[in-house]
Each structure stands twice: as structure tokens, then as C-alpha cells.
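Listed here are the chains, written in short residue letters.
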Amino acid sequence: MVNTPSRKRAPWPVEFYRSAIGKKWVMAITGIFLMGFVFAHMVGNLKAYLGPAEHNHYSEFLRDLAVPIFPRSFVLWAFFRIPLIGAFALHMHAAYSLTKMNHRARPAAYASERDYVAANFASRTMRWTGVIFLLFLVWHLADLTWGWVNPDFVRGDAYNNMVNSFQRWPVTFLYIIANLALGVHLFHGAWSLFQSLGINHPRFNQWRVHFARGFAAVIVLGNISFPVLAQAKVLDFNKTERQHVCEAAPAATRDGGPCREVLG
């Protein structure tokens, strides 16, 4: 008989992540982090209803966190963007790995029977709603962060960039579809994360459904309100307001694009 060497055990966190339960824990914890970001992002964008000055001030505030102790944008990257990228990567890898495991064998059972009446449609479409929103996120960054697909993009002018983008019908349609997909994804994620963490009891299971529905509805309605009201001209950016922003912008920003047209 030939003795085959046993596989060397990896550190406990790696071994735990290799299991189905570990992947579900990672999906739940990263999901909580991402849900917090989605909520904070939506609340921060509500500054748009206070006008361009307030919205742009909020955008600059995020870049100026802890200045001059740290360089500009350091805290934004070190404590927000990089952890978000890591959370997204772990969340997607865990989801992909679980799918592969499910293809090879029956899925690991939950401690109690799952309530498919509450989450059947959402659970069956999680993969597709996640992919739809991921593709939209890349386009959204190209539109409002990098300015690649926004012809009126002005760096540092977050309000103008948002309004000009959302006043295009194709963008409004795409934004609404993507947020409806996000809502379905959030509903099942918010409902199932408790079960993934082992927090499951008939006494409060119904409240989990209420929380999931309420959280998803708040995010979807809040996000969709921006393009809808931009189309209705409730959110607008007239020439006078843009002139004030351009006059206050750095010289490098004023030298081209819409600012050149406004300032002459």
C-alpha cells in the first residue's frame, strides 16, 4: 500500500473559508459592509436636493478627510475605497465558489428549513441581479467618477456631472433597471444574511422579512429619485449656478470643457 502524503493544513481562516459555511459567513459579513456603503452613498447623494453648493461641498469633504494630517484623498482610499474593493472581491469570489461547490454536490443544508415563500424569486435570481449590478457599477464609475462616458463631465463638479448625466433618457432608463436589480439582490441578501450567520429563530424571522423589504425599498426609491427628478428638472443646473462653480474651481479645471463655454 502506498501512503499518499496528506495535504498540509493552511491557517485556520483559510481552512474555514474553504468550507461552504465559511464562504456563507464571508458573503454575509461583506454583504453587511456593502449594504452599509450603499445606504451611506444614497444618503450622501441626498445633498443634491440642497443644491449644487451643498452637494459639491460634500463631495470635496470626502476627499479632504483628515487633511492636513494625511494627504488629500488618503483616508478616502485607505479606509473606504480599498476596503470596498476588497469586500466586493471577496463577496464575488465567495458567491462564485459556492456556485461551483453546488454544481459538484448538494448544497450544505441550513440549520432550519428555509422560507422559500419569502425569498424564492430573489434567491433564484441572485446570480443575475448581481451580475447586472456589477456591470452597471463599472459603467456608473465611467460616467460619474472617471467621466469617460459623460460628455459634460467637469472634474470636481459632482452636482453638474450627475444632473447632466441623468437628464439623458438612456441613462435614466439604465439607472432605474440597475437599481431594480439591486433592490431584488438587497432583499434576498438582507433576508438571508441572518441565517448565514446562524441567527435564526421563528420569533423574529418575520421581522427579517420586514427589514429586508424596507431596506431594499429605501435604497431603490432613494436612488431612483435622482434620475426621475433630474428628468423633471427638479434637479437642474442653470448657467448662473455653473458659473459660480467654475469660478471657484481650480485653474486646471476651468481651462476646458463646459467651464470654458460658460466663462468664455
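Located above this text is the structure these notes cover.
Residues numbered from 1 in each chain as written. Predicted model: local features only at pLDDT ≥ 70, side-chain atom pairs only at ≥ 80, totals over all residues. Heavy atoms only, no water.

**Student:** I tried to follow unusual backbone geometry on my own but got confused; where do I start?
**Tutor:** For residues that are not glycine, phi is negative in most cases, and the peptide bond is trans in most cases. With an omega of 10°, the peptide bond between Val-67 and Pro-68 qualifies as cis. Turning to its location among the elements, Pro-68 is positioned in the loop between helix H3 (52-63) and helix H4 (74-104). Although it is not a glycine, Ala-66 adopts a positive phi angle of roughly 65°. Looking at the element boundaries, Ala-66 is found in the loop between H3 and H4. (Helix = DSSP H or I, 4+ residues; strand = E, 2+ residues; numbered from the N terminus.)

**Student:** When you look at the packing of aromatic side chains in this model, what are you seeing that I'm missing?
**Tutor:** Two aromatic rings, taken as a pair, are described by how far apart their centres are and by the angle between their planes. Here the structure, examined in full by the defined rule, presents eleven aromatic pairs. Geometrically, the ring pair formed by Phe-133 and Phe-136 is tilted, given 5.9 Å between the ring centres and 40° between the ring planes. In this pair, Phe-133 and Phe-136 both sit in helix H6 (residues 126-144), three residues apart, roughly one turn of the helix. Each of the two residues, Phe-133 as well as Phe-136, counts as buried. With relative accessibility at 5%, the residue Phe-136 sits in the buried group. Connected via pairs of aromatic rings, a cluster forms that spans Phe-133, Phe-136, Trp-139, Phe-166 and Tyr-175. One cation-aromatic arrangement involves Lys-23 over Tyr-17; the distance from NZ or CZ to the ring centre is 4.7 Å. (Phe/Tyr/Trp six-rings, centres within 6.5 Å; stacked < 30°, edge-to-face > 60°. Buried < 20%, exposed > 50% of the residue type's maximum accessible area, 1.4 Å probe, protein only. Lys NZ or Arg CZ within 6 Å of the ring centre and 35° of its normal.)

**Student:** What is the right way to look at the nonpolar core in this model?
**Tutor:** Here is a general trend for soluble globular proteins: nonpolar side chains tend to be buried in one another's company. Met-35, Phe-166, Leu-182, Leu-186, Ile-219 and Leu-235 are the most contacted members of the largest nonpolar core, which totals 30 residues. Mapped onto this core, the elements with two or more residues apiece are helix H2 (20-45), H6, helix H7 (158-166), helix H8 (169-196) and helix H9 (205-231). Those residues in contact with Leu-182 that sit more than four places away from it in its chain are Val-38, Phe-133, Ile-219 and Asn-223. (Core = buried A, V, L, I, M, F, W, Y, C linked by side-chain atoms within 4.5 Å. Contact = heavy atoms within 4.5 Å.)

**Student:** Honestly, the pattern of salt bridges in this entry has me stumped. Any pointers?
**Tutor:** Side chains that differ in sign of charge can pair as their charged atoms come close. Summed over the entire model, instances satisfying the criterion amount to four salt bridges. Linking Arg-18 and Glu-15 is a salt bridge whose minimum nitrogen-to-oxygen distance equals 3.1 Å. Of this pair, Arg-18 and Glu-15 both sit in helix H1 (residues 12-18), separated by three residues, roughly a single helical turn. Arg-18 gets classed as partly exposed once you look at its relative accessible area, which sits at 41%. Arg-72 is the salt-bridge partner of Glu-60, the closest N and O atoms lying 2.2 Å from each other. Separated by twelve residues along the polypeptide, Glu-60 in helix H3 and Arg-72 in the loop between H3 and H4 bring together distant segments of the chain. Since its relative accessible area comes to 25%, Glu-60 is described here as partly exposed. The structure contains a network of salt bridges with shared partners spanning Glu-60, Asp-64 and Arg-72. (Salt bridge = Lys/Arg side-chain N within 4 Å of Asp/Glu carboxyl O.)

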